[in-house]
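Here's the letter readout for the chains.
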Amino acid sequence: EGGEKLGQAFPGFRPAQPMVYAGIFPEAVGDGEKLETAIQRLLLTDASVEAKRDISPVLGAGFRCGFLGLLHLDVFRQRL
């Protein structure tokens, strides 16, 4: 009928749950837009990362990100 059909998930499949959280903030206040663009691009290729906007009274605007583990955090940080 023109609509796409959604298939059933494999038995036992669950969405990834973040285990490690980190706050990611720009080094300079003016770099916030660049950081947001870079994080959005990385999120396109890594669906297991969870990113939400965060505001710190000291650091300013940034992101609170959830990762599968410390290695996942380190790889994401290096790609950033």
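See the structure printed just above.
Here's what I pulled together on the structure shown here.

About the thresholds
Residues numbered from 1 in each chain as written. Predicted model: local features only at pLDDT ≥ 70, side-chain atom pairs only at ≥ 80, totals over all residues. Heavy atoms only, no water. Salt bridge = Lys/Arg side-chain N within 4 Å of Asp/Glu carboxyl O. Helix = DSSP H or I, 4+ residues; strand = E, 2+ residues; numbered from the N terminus. Buried < 20%, exposed > 50% of the residue type's maximum accessible area, 1.4 Å probe, protein only. Polar contact = N/O pair within 3.5 Å; in protein donor to acceptor, adjacent residues only side chain to side chain. Pairing = 2+ DSSP bridges. Contact = heavy atoms within 4.5 Å. Arc of directions from axis to C-beta.

Turning our eyes to something else, we now look at the pattern of salt bridges. Summed over the entire model, instances satisfying the criterion amount to three salt bridges. Between R53 and E36 there is a salt bridge, with its nearest N and O atoms 2.8 Å apart. Pair noted here: R53 is in strand β2 (residues 50-56) and E36 is in helix α1 (residues 32-45), with a separation of 17 residues, a long-range link. Note on R53: relative accessible area 54%, which makes it exposed.

Before going further, it helps to spend a moment on the side chain of D46. Looking at the secondary structure, you find D46 in the loop between α1 and β2. Here H72 takes part through its side chain, which lies 2.7 Å from a polar atom of the side chain of D46.

A word on the pairing of strand β1 (residues 20-24). Alternating residues of β1 divide into V20, A22 and I24, all buried, and Y21 and G23, none buried. In this structure, β1 lies alongside strand β3 (residues 60-67), joined through five bridges in antiparallel fashion. Considered in β3, the bridge of I24 is made with F63.

So, on to the side chain of S48. Inspection of the secondary structure assignment puts S48 in the loop between α1 and β2. Discounting chain neighbours no more than four positions away, the residues touching S48 are A16, G66, L68 and H72.

What follows covers the pairing of β3. Regular strands place side chains that alternate from one sheet face to the opposite one. Direction of pairing for β2 relative to β3: antiparallel, over a ladder of seven bridges. Along β3, the bridge assignment pairs R53 with F63.

What helix α2 (residues 70-79) keeps buried is the set H72, L73 and F76. The buried side chains of α2 occupy one side of the element, clustering within an arc of 100° when seen end-on. In α2, the exposed positions that point more than 90 degrees away from the buried face belong to L70, L71 and Q78. In the core, the buried residues of α2 are packed alongside β1, α1 and β3.

Nothing here speaks to function; it is all geometry.
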